[in-house]
Each structure stands twice: as C-alpha cells, then as structure tokens.
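What the coordinates show
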Amino acid sequence: MFNLISANRLKNTKKTAIWGDIFFLLVISFSSFSAISQEEQGPHIPLEKNLNPNWVESLFEKGKQKVYSGDELKYIAIPCGGIGSGQVNVTGDGRLAFTESVYNLQQQPNSGHGLSTGYNYLHPEEPQSKVENTFTIRIEQANGISEELKLDKDDFDDIQFIGEYPIAQVNYRKKSDRLPIEISSEVFSPFVPLSVRSSANPVTIVKYKITNTSKKKIDVSIIGELKNIAFPQPSKVKQVNTALRSKGVSGISFEMQPMSNDSVLAKHPQLGGFSLSVLNQKADLLVNANEKDSKKKRSSSEEPISGSVGSTVSLRSGQTKEITFLVSWYFPNYYENGKRYKDAMAEAPGWVGHIYNNWYANSFDVTKYVASNFNKLYADTKLFRDTYNDNTLPYWLANRITMPVSTLAAGNIAIWKNGRMYGYEGIGFCQGTCGHVYNFVAAISKLFPELERSVRLLQDFNSTEKYSGFSPSGRINFRGYGVNKPEVPHSYASDAQSGYVLKAYREHLNSPNNEFLDTVWEKVKMAIGYHIFKDGAEIGLEPNGVLEGEQTFWDPMWYGPNPYNNTLYLAALRAAEEMAKVKGEPELASRYHKLFESGQKFMNEEMWNGEFYIHLYPVGLNGNVGIKNGFKLPSEIDDNAQSYIKAFNEGRSGYFPGTACDAQQLFGQNWANQLGLGYILSPEKSKIAAKSIFKYNWTPDIATIYDFEKPNARVLAAKGEAAMINGGWTKEKPKPFENTHDKTNVWTGLEYEAACDMINEELLEEAIVAIRSIDDRYNGAKRNPWNEVEGSSHYSRAMHSWNVLLSLSGFTYDGPQGIIGFQPRLNPENFKSFFSTAEGWGSLKQVRNGKIQTNTLILTYGKLTLNAVHFNIVEGKEVNGVLVKLNGKTIKSSYEQQANTVFISLNGPLVMNVNDTLNVDLK
C-alpha cells in the first residue's frame, strides 16, 4: 500500500496547496500487485491505492467556502422546511420545490422506481415542485425604465449557491445585461438545536437582500405567487383565498373550507392549506392574481386560485434593504397506516397528527408566530450556523458533516402530535424508526435529544402505544410493532437489541438528570437480559459474552460469532454495567462485567486473525445459510450434521474461520468511544483492524469490484468513483459458507462509521480520504450533495456523519454527573469545533503553546452545568499545575493525571450561561 503522508507532518507543516489545484485520484495499475490478470483474479480491493500525496495533503487544508454555480446547480435541493413537517427543498437556483409529504402524501421511494433499487443514485432527479409558486423581482429606475425578472435560472444565468445547513444563500447574477442592483436571498426554516418548538414549524423563509448599485434612486418590488393544492374530491370543499394582516406581516391564506360537517372529510389528510406572507404590514395583496383587484379581501372557487403578495422598497444609491417572505402550511391530518408489511398495517395507529397541531389552528397562525418571533428565530438559527462553522476543520469536511443532518427536514421524518419522532429508513422506504438503521444515526441525539428520548419512551421501551416494540420477555421488535408476535420477521434483530441498550445509556448521558434512566431502567434490564438469554441460555448453555446463534446482518440472518454483532453486544454489556451502577445495583453491574470480560477475551483470542476480527461460522451450519432469512430447509439439516461430525472426528475446530474484512467490525468500539466506556477490545488490535478496513475495503475506483460483481439490490457508486464497500475479500475468494449479502454494497452511513473507527485510532489520513470519497460522489455536478442515497433518497443512516465531529473532537459527556471531556485528534495544537450538551451548545478551543495547553469552552446557547472536565495532553507530558477561570475569575479545582488524560474536579457545580467562557490552563 502506498505510504500515506505522515499525520504528524500534516499537523505541523504549513499548508500551501491551492484548492483549485487539487489532484484527482490516479488510475491504478493492477499488474503491480498480481502476476495474473484482473479478469482471472476477479473482484478485489487494490492494496496499492496509488493516491497522489499532494491531493491527500490538500484534503487537510482549511479551504474556502464552497460556491456552487453552473452545472453544479442542476440537482441541488436542500430540505428547508421545519423538521418533521414535510419536505420543502430550495433548489440550486433559489426556487422552492414542495414535495407531497407537505400535504401528507408519502413520497415514493426512488422517485417511483421501486424499493431498494438505488435508482436515484445513478439517475439523480432534478427537483420539481408539487405546489405552484414563483417569486419575481420588478425594478423601476428613475428614468422610467422598468424590468421584471423571475428569481430563478430562467432570467438569471449566473446564479451562485452557498449551502451551509440550515441556511442556503442564493446570489442572483446575470452574465450580461448589467442590472442596477445586487440581489441575494437566504432560505431556511428556523433550526435551533435543543429547541423542537423553534425547529419544527411548518414554514420556509425566503429573505431577500437588495442593494442599489446605481447612482440614482430606484424602487424594487418582489412579488410572490402561490396556489393551493387541488383537493382529491373538489366538490366537497371550497377553495378560499383570504387577505390577512397582523402586526408586522401581511399575507394571503389559501385554505380549504369543508362544504359539510362530515367527520370523515374533516380528517382527510389533504385537507388544509398554505399562507404566503411578507414582513410588511402594508404589503400589496391580490387574493386572485388573475383579477388584479388589490382591494378584494376574499376570493373562493371549487378549484385552487393563485394569489400574490408584493412588497416594495425605495433605495438610494448604495443603500441596502431586505424583503422577507414566509411560506407556511397546515395539514393537520397526518396518518401512519403502514405501507409495506401486513402486520404493520394491521397494527398501525392511523391518525397521529403533527406536533405543530398543538401550536396552531391554521397556516396563518404559523405566520403570526414566526413573524412575532422572527428576530429571535433568525438570530438563533444564524447563531447555530455561525457557531458550528467557526471551526478549524477543512471547510469541505465541516460542510459534509452537516449535509445529512438536513434529513431531519426530509419527508421520511415525522414528529407526531404526541411528540414522538417516527422515521422511515429513507423516502418511502421501510418504516418503524428501524432499530438497526438508527443505531447509526448520531445527529438527532446530539442536536434534539428529546426526540431520541421520545423514541425510547414511546416505541422501544413501550408495550402499550400503537407501534410499540417492547415485549414482556425484553425482546424489542426492531420496527416497533408485533410486540406479542415473536414469529414475525421483525421480532428480533441482534444488532438492534444491543443498540436499544446503548441508546438508552446515550439518552441518559444526554439528559440533565437521572429522570429518563429512572423511567426506563427496569425495561433496559429486561432488554439486556433477553440478549444474554440469546447468548447461550436459549439453547441450554451458560452465557459467555459471545453471540453464537442466529443474528442479523442488517436484513438477512446468519450464525456464529462475528465482530459486528459481538462488539455491539460487548458495548451494550458495558453500558448496562454503568447504568446498574447509577441505579445502585453493584452486584448486577458485576455480573454484566464478568460476561463482558469473557466475551472480550474470546474476541481478542479466538476472532483475531492478525489483521482484523473475523466471523466464525459454526461447522454444523455449513449449508445454504442466510439465503432464506436464516431459516434452513429440512434437507439441509442432515448435510449440516454430517459436516459437524466429520469436523469433530477429525479434531477440527467447531468453527470455519471467515476471510472477510468487515467495515463494521469496530462498530461496538465506536459506540464505546461515544459513551465514554473506554476500550472494549484490545487497543493494539483495534488500531490494526482500523488500518485493515481501509486497506481491504476502500478502493479508489469501484470498478475494481463492480466490473465483476454487482452489489445486492442497488448500485450506489459509479465506475471511476472511490468508495468503501461493506466487506472486502482481497486475499482469497469467499468460502461457500460465508455471508456475502450486502458485502459489496456502498452505504455512506457505514463509510462514515468506518472513518470514525480510523479517527479514533489516529489514522486521520485514511479517515479523511474515505470521507472525501463520499463528498466527491455527491459533489453537485453529479448529484445532490444534500441527499445521500441508500435504499432510497435521504437515507437516515447517513446521519452518522455527525459522529465524525464527535470523533474528531474526542467529545464525551455525562449530563447527570456534569462531566465533559475532549480529545481533539485533528490538529490538536490548534483546534476548534462545535459541541452540544443536554441544555446548551457552543465551541471548544484547544491551543498548545510551548509548555502550556489552554482549553476554552464558550457557551453560545442555553446553559451547561459542570462538576468536572477532562482533556488529553501531549503524550509523555507531566502536568505540574491547572488553572481554571470562568469569565476571568479563578475557580477552585483539583486535578489528577492518568497517562495522557487530565481529570479536573471543580469546586461544586459550575453553571455556564450564554456567552460565558471557561478557560483551563494545563501547565
């Protein structure tokens, strides 16, 4: 393998490469590693990556803000509505593209091309709106010249687009025909981490900024036009447009008025409407755009009617003013009926509503709330964007981390009226806030912890709500239904079962006190207990910390100890141990720990092949295992028995060793890092395994695999593109008994996770290269950067990207104990990044200057209660003193050093509020 540039040299060498001169991946020469041809050898991951060192080094440059233009605008569509409120996109040329999820119709997976096809990857769609709307600018100059232009690519041919979620900026420019103004827009919905109330409003804001660049006064008007959707049964409703004004805002509501008191009609999912408004109480309103009667207050018809809202500003030479539009909607009758599974349909809750039903009675209510609170909502949204982007990360990397977070505002996420978040895996694809997919979703727990707690309380550890998953045995049905049906396909998933325990501990740590844990603890004990039952007891064996039986590998089932499931199980045992300690049950904690130690020993001794952890396949199951979701044909049983007896008589092991390098073999270790549990595997082996994942699973051109072996169900990388596959066989071909299902697939959520494993083991270059391959595949010119595709568009698993930030900063947090810690891994000499806690968020800055390391916490939102902090220092350094100051005032503290970590105890709870700064000097 090509020797990548030393991380230390990258950290300490001043970068001079120019972004415009980035080198692309070189074409690899296969003859350099094999005497036989590729055709003879078949699909493989090249060990020699042949990466240009200048290109690799450029990935670590800070770089400039990305400005999309030209062909890069074609596919851009950033979700810009409230989270869980239905998907509205802002396109590359600034148009608003409403999807049918806004009015409670489910968007079709892969744009109607079926489940699991990955169609939208190879055939990215250009965004189209299901709701008619336009924005137009009219410019009237003092000399009488008047010009009217649509604010999109039709009339502006040199548009620039900047996307920093949650705000998109569009600069409207023309190559010729110089205009007397400059105009840009900011498009967003209020997005304030830790505040669902601020972030789940059904509204999109378009904030235009106009500057007079001429030498004379001009008048500029912006006119928005919109039309409600057609009701499926038009004779049963009247379409009514009404001019409305409230403090600081004017607009038109486009509502449906039922023609009867029919209760069924009142609950129709498409019954509702929109409001188009502008922050100007004296704006021009046309309730019927065709009649041009500005005095008319109301217009009605059986069919939807277009209405328009306009606002005018006068600008002196050089003067800048803003015109801000609000597009709000209200369709209260959201249903969850279950679309794919028979049992799910039978148990579906039906009408669940939206959380916004609790706050509003119609679309103009939304407008009034947002208008009344606009300054704070806008300021807090900008505060998050600016706080996050004030970092030392490479710009492209920082932006890539937030791009999948926009999935919260996509059509596969809903927040029900009762406050419960409910997620599909992707657009129209597989319901149930799926346990094993959402094991990868890191962003929601850190930005909106109450939403993750709602899933734990109303689905995972609940047996009474509609679509709840907790059975009396402790088994949790991973799609949240069929509680008392152990026979249904989704009754048990081993990876999900581990995840429920891990997520329970995560939600506890992300809480300000023990209240959440107190609520779920008895059921958590049942959940880990059921897992332990599966660890041998089910078949009459003493549990030993190793899962040997039937287990999930994403969807299909397989058998035998494997690192993916077993590291999750080990991490779950450790999490259960820590929760038992919190709950005052030390003997139970000890029992969990003994099982953990046994499983840890087995993994490190029996499942390690010298380069990575392997799957051990039971000899007695050497049949057509896994193809039929884990169930064996009766005819296979005798074959399996003969295989086992032969192995036994010959004195061979009861396991066939697998030969695949699984990209997720350290997933449980990743979870342990997130939760501050330390190493659950050998530190030395973990580092070697992380290096092997890059070596055996990442290819600079997916053609080295896809020219010979198509992936299961879907193609999610194109020839010439770099990618990481889920499982790699470089040394030899898979054995007949091995699990090959989904191994050659490319799932960005797994790529992010494997990159985190590399970051955690200080393999920064490998990690950054792996993440950059995602960014290059979703670069604007090829496909939408804000839509990572797997089973369908906006796949939830991609929200693991947020864990890249957690890994780079080495962030750990225990809210109830008031403990926060950091271990920056990228440029630790000068590092700054965003962090969030149970009740506040802000920035960490770390600077190493000579013999002193200074860590600074700046709180920009909410509050943060601390009893202790800990930081890592330069290896080998001995700390001789610690000085802690809050806003310049010395705080009493004590410290203890363990290896490279310094633990600092504060004198009593310290409460940080907005704009407070905590400085810690390590001398």
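Residues numbered from 1 in each chain as written. Predicted model: local features only at pLDDT ≥ 70, side-chain atom pairs only at ≥ 80, totals over all residues. Heavy atoms only, no water.

Two aromatic rings, taken as a pair, are described by how far apart their centres are and by the angle between their planes. Applying the stated criterion across every chain, the model contains 49 aromatic pairs. Ring plane angle 85° and centroid distance 6.2 Å describe the contact between Tyr208 and Phe325, whose orientation is recorded as edge-to-face. On the criterion of sequence distance, the pair formed by Tyr208 in strand E10 (residues 203-212) and Phe325 in strand E18 (residues 320-330) is long-range, its members being 117 residues apart. A residue is classified by how much of its surface remains accessible, and Phe325, at 0% relative accessible area, is buried. Aromatic side chains Phe612 and Tyr696 sit 5.7 Å apart centroid to centroid with 75° between the ring planes, which places their arrangement in the edge-to-face category. One end of the pair, Phe612, is in the loop between helix H16 (586-606) and strand E25 (616-618); the other, Tyr696, is in helix H19 (residues 683-697), with 84 residues separating them in the sequence. (Phe/Tyr/Trp six-rings, centres within 6.5 Å; stacked < 30°, edge-to-face > 60°. Helix = DSSP H or I, 4+ residues; strand = E, 2+ residues; numbered from the N terminus. Buried < 20%, exposed > 50% of the residue type's maximum accessible area, 1.4 Å probe, protein only.)

Next up on the list: helix H15 (residues 563-582). The terminal C-alpha atoms of H15, which comprises 20 residues, lie 28 Å apart, in line with the 28 Å expected from a rise of 1.5 Å per residue. Phi turns positive, to about 75°, at Gly584, one or two residues after H15. (Expected span 1.5 Å × (residues − 1).)

With that settled, the discussion passes to the sheet that holds strand E17 (residues 307-315). Taken in spatial order, the five strands make up an open sheet running E6-E5-E11-E17-E15, and their pairing is antiparallel. Both outer strands of the open sheet, strand E6 (146-150) and strand E15 (284-286), are each paired with one neighbouring strand and no more. The mean inter-strand angle of the sheet, taken between neighbouring strand axes irrespective of direction, is 15°. Pairing of E15 with E17, which is carried by three bridges, proceeds in the antiparallel orientation. (Pairing = 2+ DSSP bridges. Axes fitted to C-alpha atoms, helices over the stretch in contact; angles between N-to-C directions.)

Of all residues in the protein, 93% have pLDDT values of 70 or greater, and the mean over the chain is 91. Every residue in residues 623-632 is under pLDDT 50, and counting partners more than four places away or in other chains gives 21 contacts. (pLDDT = per-residue confidence, 0-100. Contact = heavy atoms within 4.5 Å.)

Below, the discussion takes up the nonpolar core. If you look at the biggest cluster of nonpolar residues, it comprises 265 residues, and the most contacted ones within it are Ile137, Phe161, Tyr208, Phe325, Trp802 and Ile904. Top contributing element to this core by residue count: H15, with 11 residues. (Core = buried A, V, L, I, M, F, W, Y, C linked by side-chain atoms within 4.5 Å.)

Right, let's get into a nonpolar patch on the surface. A surface patch of nonpolar side chains, amounting to about 340 Å² of accessible area, comprises Tyr644, Ile645 and Phe648. Note on placement: Tyr644 falls in helix H17 (residues 634-649). What makes Tyr644 partly exposed here is its relative accessible area of 43%. (Patch = residues over 30% accessible without salt bridge, like charges linked within 9 Å, V, L, I, M, F, W, Y side chains within 5 Å. Areas by Shrake-Rupley, 256 points an atom, 1.4 Å probe, with all protein chains shown as cover. Salt bridge = Lys/Arg side-chain N within 4 Å of Asp/Glu carboxyl O.)

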